[in-house]
Amino acid sequence: MFTRKPPARWALRRWMASGRGSPSSIAILGSKLPWDTADPSTREPPSTRQVLAIHSPQKTHEPQDEPSFYSNDIDRFASKPTRPVTLQNLLQMCEPPLTREKLLQNARYLCRERPIRYAKRVKLFQRLPFIVNSNPFINEVYRMYYRNFEESRGFPMVETLEDHEAFIQMLTRHSDTLKHIMPQIARGFFETRMYFGTRARQTFLDQLISMRISLRLLTSQHIALHNGYTNGACHSVIDRIVLGDTVRACAQGVQTMCEMSYDSAPDFEVDGDAAAFHYIEPHLEYMVVELLKNAFRSSLQAGQDGEIPRVLITVSKGNGKVAIRIRDHGGGIPRRIHDKIFDYAFTTVEHQDSADPAASETRAAEPPFAGLGFGLPMTKLYAEYFGGSLHIVSLEGYGCDAFLELPSIKVDRVPAITI
């Protein structure tokens, strides 16, 4: 005889604790329903009228407060094709003169494009297994995207500079809202990893993060255009970066994090060519910091019974590209898990005090994503998005070399990618 499995207890507890269960829902869950009987074997299935009487909403909600899973608007916008732009076209928008018409034209493009891209992201979440999307961390991000979709689709077309000011306020608000969602996504997928296969998880997160990179890039570039138009100077999200200086600053930051988290930190050395190149600085800093966090932590573990080995960082510049090598002597990666290091939610960090690192208060001081298994796969995705690469070479029992190679992004030499 088929028996329906009850929902996972953690999912129900978290849902109730999140405050999303309405009072009527709580009453229903805790009370005896009209069709309940003492003997389950004699229980009759509820009639349609009984079900509707119990579940009929007592009040209406605004769409942005209670996302509708079956929304014709979501389906309609998600079915529309996106209109991607090339990275070269994006950079050419920053070239002077920056006119009023150029600014408004780009705003109209975003005004049409953003609801479509948000709707496609919402559909990604709706295709997740129910128990995964019910996780409070994941569900909260889903709601953020849904609210942004609702506001974007209802925003009127930008026709004047006054319209544009309101549009910029919306862009800034959405960017701030979604700025720190990745720790929530990481925690949510770590908690639900037993309910979601590795391949399906990889596909979902690769798509979600790629969409996130593209829309944030388009949004940040337009906000930079607005600031340039206002200030009389053209700006771009592509910065001129002195590689050695940025890498050294990142290493100093990770060293400070290590000292705060573990009361100790390895020394580091940066050598090589400090020539400048053009890239998106927040992306570069994120990738370097994640690789350094791995190198510093493994070096600390290797030096528990003696001197902590130094982390060696080498930077170089070639024909239109730069390369960074981060070398540690932290013992390397065991051969049995080497093929899993780029899997989301896979981690080698041991959680002695809790099976859930996100719920452990003792880990609150650790660097973001420590133990959640998102650092390396996200670094690889960020590198490859603009035509770069990341390779990890491990000598088990000795240490690791991480090789990060990135293109220099300039108007006259741009990777052939669309955003």
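Residues numbered from 1 in each chain as written. Predicted model: local features only at pLDDT ≥ 70, side-chain atom pairs only at ≥ 80, totals over all residues. Heavy atoms only, no water.

**Comments concerning the overall build of the protein**
Moving on, step 1. Broken down by element type, the protein carries 14 helices and 7 strands.
Moving on, step 2. Per-residue burial for the protein yields a buried fraction of 45% across its 419 residues.
Moving on, step 3. Across the protein, the fraction of contacts at a sequence separation of at least 24, relative to all contacts at a separation of at least 6, is 76%.
Moving on, step 4. A total of about 22200 Å² of accessible surface is found on the protein, and carbon and sulfur atoms cover 52% of it. (Helix = DSSP H or I, 4+ residues; strand = E, 2+ residues; numbered from the N terminus. Buried < 20%, exposed > 50% of the residue type's maximum accessible area, 1.4 Å probe, protein only. Contact = heavy atoms within 4.5 Å. Areas by Shrake-Rupley, 256 points an atom, 1.4 Å probe, with all protein chains shown as cover.)

**With respect to helix 8 (residues 136-153)**
Moving on, step 1. Its 18 residues place the ends of helix 8 26 Å apart at the C-alpha level, agreeing with the 26 Å of an ideal helix rising 1.5 Å per residue.
Moving on, step 2. Put simply, Asn135 is the residue that caps the front of helix 8, since its side-chain oxygen is 3.0 Å from the backbone nitrogen of Phe137. (Expected span 1.5 Å × (residues − 1). Polar contact = N/O pair within 3.5 Å; in protein donor to acceptor, adjacent residues only side chain to side chain.)

**Details of the nonpolar core**
Moving on, step 1. In terms of nonpolar packing, the biggest core is built from 102 residues, with Phe125, Phe189, Leu292, Ile313 and Ile324 touching the most fellow members.
Moving on, step 2. Per-element tally for this core: the top contributor is helix 6 (residues 100-126), with 11 residues.
Moving on, step 3. The contacts of Phe125, once residues within four sequence positions are left out, are Asn133, Ile138, Val141, Tyr142, Tyr145, Ile185, Phe204 and Leu208.
Moving on, step 4. Listed in part, the 5 residues of the second largest apolar core include Cys94, Leu98, Leu103 and Leu225. (Core = buried A, V, L, I, M, F, W, Y, C linked by side-chain atoms within 4.5 Å.)

**Quick look at the environment of Thr314**
Moving on, step 1. Structurally, Thr314 is set in strand 4 (residues 311-317).
Moving on, step 2. Note on Thr314: relative accessible area 23%, which makes it partly exposed.
Moving on, step 3. Put simply, Thr314 and Ala274 are 40 residues apart on the chain and 9.7 Å apart in space, counted from C-alpha to C-alpha.
Moving on, step 4. With residues near it in sequence (within four places) discarded, Thr314 still touches Asp271, Ala323, Ile324 and Arg325.

**Here we look at the packing of helix 8 against helix 9 (residues 161-177)**
Moving on, step 1. Between helix 8 and helix 9, the shortest axis-to-axis distance is 11 Å and the interhelical angle comes to 175 degrees. What the angle tells us is that helix 8 and helix 9 run roughly antiparallel. In this structure, helix 8 uses Met144, Asn148, Glu151 and Ser152 to contact helix 9, whose residues at the interface are Met170, Arg173, His174 and Thr177.
Moving on, step 2. In the contact of helix 8 with helix 9, the residues fall into 2 nonpolar, 4 polar and 2 charged. (Axes fitted to C-alpha atoms, helices over the stretch in contact; angles between N-to-C directions. Parallel < 35°, antiparallel > 145°, perpendicular 65-115°, else oblique. Nonpolar A, V, L, I, M, F, W, Y, C, P; charged D, E, K, R; others polar.)

**Section: the confidence of the model for the protein**
Moving on, step 1. Here the protein averages 81 in pLDDT, and 77% of its residues register 70 or above.
Moving on, step 2. The model gives residues 1-7 a pLDDT under 50, and that stretch makes 0 contacts with residues more than four places away or in other chains.
Moving on, step 3. Here residues 9-13 scores under 50 on pLDDT; set against residues more than four positions off or in separate chains, the count is 7 contacts. (pLDDT = per-residue confidence, 0-100.)

**Things to note about the side chain of Lys123**
Moving on, step 1. The residue Lys123 is located in helix 6 in this model.
Moving on, step 2. Lys123 gets classed as buried once you look at its relative accessible area, which sits at 18%.
Moving on, step 3. Apart from residues no more than four positions distant in its own chain, Lys123 is found in contact with Ile74, Asp75 and Ala78.

**Re helix 10 (residues 181-191)**
Moving on, step 1. For helix 10, the tally of buried residues reaches 9 of 11 residues, placing the bulk of the element in the interior.
Moving on, step 2. Of the residues making up helix 10, those classed as buried are Ile181, Met182, Gln184, Ile185, Ala186, Gly188, Phe189, Phe190 and Glu191.

**Some words on the environment of Arg147**
Moving on, step 1. Note on placement: Arg147 falls in helix 8.
Moving on, step 2. Each C-alpha atom, one on Arg147 and one on Tyr118, is 9.5 Å from the other, the two residues being 29 residues apart in sequence.
Moving on, step 3. Here the side chain of Arg147 touches Glu140 through a polar contact of 3.5 Å, side chain to side chain.

**Section: the packing of aromatic side chains**
Moving on, step 1. Following the criterion strictly, the structure yields 16 aromatic pairs and no others.
Moving on, step 2. Taking the centre distance of 5.3 Å and the plane angle of 35 degrees together, the rings of Phe189 and Phe204 count as tilted. In this pair, Phe189 sits in helix 10 while Phe204 sits in helix 11 (residues 198-231), placing the two residues 15 residues apart along the sequence. Of the two residues, Phe189 and Phe204, neither departs from the other in class, the shared state being buried.
Moving on, step 3. Judged by centre distance (6.0 Å) and plane angle (80 degrees), the rings of Tyr279 and Phe386 are edge-to-face. With Tyr279 in strand 3 (residues 276-279) and Phe386 in the loop between helix 14 (375-385) and strand 6 (389-395), the pair connects residues that are 107 residues apart, well separated along the chain.
Moving on, step 4. Under the relative-accessibility criterion, Tyr279 is labelled buried at 0%. (Phe/Tyr/Trp six-rings, centres within 6.5 Å; stacked < 30°, edge-to-face > 60°.)

**Some details on the environment of Val85**
Moving on, step 1. Mapped onto the elements of the fold, Val85 is located in the loop between helix 4 (72-78) and helix 5 (87-92).
Moving on, step 2. Accessibility expressed as a relative area gives 17% for Val85, which makes it buried.
Moving on, step 3. Separated by 333 residues in sequence, Val85 and Thr418 have C-alpha atoms that sit 5.4 Å apart.
Moving on, step 4. Those residues in contact with Val85, other than ones at most four positions away along the chain, are Tyr109, Leu218, Ile417, Thr418 and Ile419.

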